[in-house]
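Tertiary structure, described
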Amino acid sequence: MNKMSEVDDVISRLTAKQQNYLNSYFTYAPESLKSSIQVVRMPAGTTFIQEGAPLDKVFILLKGSVSAVDYRVRETVYGFCHFEPIEIFGTMEILGYMSHYKTTLATTQDSLFLKIPGDACRKWILNDVSALRLETQRIIGYLLEQSRKERLYVMLPSNQRVYLILTNLYETYSVYLSRKDFSEVTGVSERTITRALKDLEEQKLISRDGWNIVMTWEQYRKIRELVRVQINETGE
């Protein structure tokens, strides 16, 4: 199976909505660009874009999930933003006429991508009105949603901030955080963090071994629901 037929085969297995989006996206793309597209599979925990690296590839997420992992606390990487299919990485920098990636990205599940050479994508998308419109629409939607989430985060009660960070850490398979580090990430006091974790433990939503927190999928789901309900009450 050659590269292009593999791309066609992978796209044919997506939902109808996803297929229609990609078909519209590539409607006027030159054959030279289409023939350069590759299918790439990555296991969970793979960092595929590094902040500050030259922008030499564009990735389209078809299956799996990705986290932006810019935020570092004493060398601990914290995933602050999560993406699901269909999502495109690298085009925001291209539209900003940037030559380097601005955010580190890593897979949080086994993931499937389309990979496009950066130079070819840049040359095409800046001159394709249809693709440019779709990209502008997608990016503006993303920026508005991020702004909304930031406003809601400021209004969240302190314990809800702790819950939100816990779910984000679970989603990104993050590692150890001290109380001080946790305080810096959430913006709340260590005393509040201790109290919030104790409340969760009493509700059997987490278990603890010293500072180590153990959370099952079902516990994660319930904590996520607590956060979702609070956000809905605050502003959604």
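Moving on, we get to the overall build of the protein. Within the protein one finds 10 helices and 12 strands. Looking at the protein residue by residue over its 236 residues, the buried ones come to 44%. Excluding contacts between residues fewer than 6 apart, the proportion of contacts in the protein whose partners are at least 24 apart in sequence is 74%. Accessible surface for the protein amounts to roughly 12700 Å². Of this, 52% is attributable to carbon and sulfur atoms.

Summed over all chains, the structure comprises seven salt bridges. A salt bridge links Asp 9 to Arg 13; the nearest nitrogen and oxygen atoms lie 3.2 Å apart. With a relative accessible area of 28%, Asp 9 lands in the partly exposed category. Classification of Arg 13 as exposed rests on a relative accessible area of 57%. As a salt-bridge pair, Arg 221 and Glu 218 come within 2.6 Å of each other at their nearest N and O atoms.

Criteria and cut-off values
- Residues numbered from 1 in each chain as written.
- Predicted model: local features only at pLDDT ≥ 70, side-chain atom pairs only at ≥ 80, totals over all residues.
- Heavy atoms only, no water.
- Helix = DSSP H or I, 4+ residues; strand = E, 2+ residues; numbered from the N terminus.
- Buried < 20%, exposed > 50% of the residue type's maximum accessible area, 1.4 Å probe, protein only.
- Contact = heavy atoms within 4.5 Å.
- Areas by Shrake-Rupley, 256 points an atom, 1.4 Å probe, with all protein chains shown as cover.
- Salt bridge = Lys/Arg side-chain N within 4 Å of Asp/Glu carboxyl O.

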